[in-house]
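The chain contents come next:
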Amino acid sequence: MATNTFLLYGANGYTARLMLDRLAAFGLRPVLAGRSEAKLRPLAEQHGLSYRVADLSDATSLDAVLADMPVVLHCAGPFSQTAAPMQEACLRTGTHYLDITGEVAVFEHGFTLHAAALKRNIMLMSGVGFDVVPTDCMARYLHERLPDATHLQLAFANAEGALSHGTAQTALEGLGAGGMIRQNGRLVPVPYAHQTLTVDFGNGQPQPCMAIPWGDLSTAYRTTGIPTIETYMGTTTQQIRIARLGNYLGWLVRLPWVQSFLRRQITSRVTGPDETVRQRARTHVWGRARNAQGQTVEARQHGPEGYTLTADTALTITRHVLNGNWQAGYQTPAGLYGADLILKIPGTSRE
């Protein structure tokens, strides 16, 4: 098996298609995979690649498509449903596992598989995209400058960007579920948007941000050991009011017929940002760490639009693994590859 070959599962999804357009720059040649041959075949023919068909619910066929693959880059969400069966298959077949989730529960579940991954001598790493590479790198960068930090706040904004179908589906799953923070090392449920910040992302206009249950509540804790962590998303005051209203209407949005209706709306209306939007949009990350004496450090990062960034960071990490730069067990992106991993991506900067 060539060292530039890996399995790209969920290859017909929005983010995976972006990756396919960028393969030449990374010298990679994936085998495409998913559950629908009708969708995979034309995609494979378009890019001159081979493909394999396997449903995540069929362990035998899943093991067969992974059997000779050194690593799988898993891009088929919602990961709350799809990550565990793929991780279990990787443990059975001895395949390194990567995914592009941002879901706290998926990161936490991955951590429970650490001992099993060590035993099988494979690496499990979730969040190799915009969720959570830029914010994980920020967390490590701040911790290196304030090693005794006890509190960490992280915020991000995807200026002028748009949602993909998969991200919208994941967001739908979390509607009405409330928020979360990490407090003294433990994950603690809180109302959604229970706190707000006004953050200067360095783009000329301080922006309101609301607390959300972002993946760094898990990954930043594993990367840095900082016991109290809050994560925020740049938004508008109107969206904050709507989000807080959701705390009282959670029972409504969780009703099966409401979920079904919203799912149909996403399927018919959400396709992801086009090339023009991706070229125009920018991502911004801000972080602040504080120690028990009240000392603080702050920093900002800037980078390409979120889906573009996801394609680049995911392929960068895949190439690292294929080149032998991996460590057995459950790992986080910045925990293994360092705070400057994000600066290897074209168009990124830190201040």
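Model, not experiment: these values are computed from the prediction.

What counts and how
Residues numbered from 1 in each chain as written. Predicted model: local features only at pLDDT ≥ 70, side-chain atom pairs only at ≥ 80, totals over all residues. Heavy atoms only, no water. Pairing = 2+ DSSP bridges. Helix = DSSP H or I, 4+ residues; strand = E, 2+ residues; numbered from the N terminus. Contact = heavy atoms within 4.5 Å. Axes fitted to C-alpha atoms, helices over the stretch in contact; angles between N-to-C directions. pLDDT = per-residue confidence, 0-100. 1 Å grid on protein atoms, 1.4 Å probe; cavity = no way out; pocket = protein on both sides within 12 Å on 5 of 7 lines; lining within 4 Å. Points joined across faces, edges and corners; volume = space filled by probe spheres on them. Nonpolar A, V, L, I, M, F, W, Y, C, P; charged D, E, K, R; others polar. Buried < 20%, exposed > 50% of the residue type's maximum accessible area, 1.4 Å probe, protein only. Lys, Arg positive; Asp, Glu negative; His and termini not counted. Salt bridge = Lys/Arg side-chain N within 4 Å of Asp/Glu carboxyl O. Polar contact = N/O pair within 3.5 Å; in protein donor to acceptor, adjacent residues only side chain to side chain. Phe/Tyr/Trp six-rings, centres within 6.5 Å; stacked < 30°, edge-to-face > 60°. Lys NZ or Arg CZ within 6 Å of the ring centre and 35° of its normal.

Colleague: So what exactly am I meant to see when it comes to the sheet that holds strand β4 (residues 71-74) here?
Modeller: By definition, the strands of a sheet pair up through backbone hydrogen bonds, in either a parallel or an antiparallel sense. Read from one edge of the open sheet, 7 strands run β3-β2-β1-β4-β5-β6-β15, paired in parallel fashion. Edge positions in the open sheet fall to β3 (51-53) and β15 (329-330), since each of these has one partner strand only. The pairing of strand β1 (residues 7-9) with β4 spans 3 bridges and is parallel. The partner of L8 across the bridge, within β4, is L73. Its contacts with the sheet put helix α3 (residues 37-47) on β2 (31-34) and β3, and the angle it makes with β3 is roughly 175 degrees.

Colleague: Please clarify how the confidence of the model for the chain should be interpreted in this entry.
Modeller: In low-pLDDT segments, the atomic positions of the prediction should not be examined closely. Taken over all residues, the pLDDT of the chain has a mean of 89, while the share at 70 or more is 88%. Segment residues 163-168 is flagged for pLDDT under 50; beyond a separation of four residues in sequence, or across chains, it makes 18 contacts in the model.

Colleague: Help me out: how do you make sense of the layout of surface pockets in this one?
Modeller: Taken as a whole, the second largest pocket spans an internal volume of roughly 150 Å³. Along the walls of the second largest pocket sit R22, A25, F26, D312, T316, R319, H320, K344, I345 and P346, which together make up its complete lining. Elements supplying a minimum of two residues to the lining of the second largest pocket: α2 (23-26) and α15 (306-322). Of all the elements, α15 adds the most residues to the lining of the second largest pocket, at 4 residues. For the lining of the second largest pocket, the class distribution of residues is 4 nonpolar, 2 polar and 4 charged.

Colleague: Teacher, can you tell me more about the environment of A115 here?
Modeller: Here A115 shows up in helix α7 (residues 114-120). Linking A115 and G329, residues 214 residues apart in sequence, is a C-alpha distance of 6.6 Å.

Colleague: Which parts of the structure should I look at to understand the side chain of D216?
Modeller: Looking at the element boundaries, D216 is found in helix α10 (residues 216-224). Buried charged residue D216 carries no salt bridge. Nearest counter-charge: R182, at 11 Å. Looking at D216, its side chain comes within polar contact range of the side chain of T135, at 2.7 Å. A polar contact is formed between the side chain of D216 and the backbone nitrogen of D136, at a distance of 3.4 Å. Those residues in contact with D216, other than ones at most four positions away along the chain, are V132, T135, D136, L154, Y221, I229 and T231.

Colleague: Quick question: what am I supposed to make of the packing of aromatic side chains here?
Modeller: For the structure on display, the rule yields 5 aromatic pairs. Ring centres of F130 and F156 lie 5.7 Å apart, and the angle between their planes is 80 degrees; this geometry places the pair in the edge-to-face category. Linking F130 in the loop between β6 (123-125) and α8 (133-145) with F156 in strand β7 (residues 149-159), this pair joins segments that are 26 residues apart in sequence. Here the two residues F130 and F156 agree in accessibility, since each one is buried. Note on F130 and W214: the rings are 6.3 Å apart at their centroids and 65 degrees apart in plane angle, and the pair reads as edge-to-face. Residue F130 is located in the loop between β6 and α8, and its partner W214 is located in the loop between β11 (207-211) and α10; the two are separated by 84 residues in the primary sequence. This pair shows no difference in class: F130 is buried, exactly as W214 is. Taken together, F130, F156 and W214 form an aromatic cluster joined through their ring pairs. Here the basic side chain of R222 rests over the ring of F111, its NZ or CZ set 3.7 Å away from the ring centre.

Colleague: Would you explain the pairing of β2 in this entry?
Modeller: Each regular strand shows side chains that alternate between the opposite faces of the sheet. A two-sided burial pattern is seen for β2, the buried positions comprising V31 and A33 on one face and L32 and G34 on the other. Where β2 lies against β3, 3 bridges are found, and the strand directions are parallel. Considered in β3, the bridge of G34 is made with V53.

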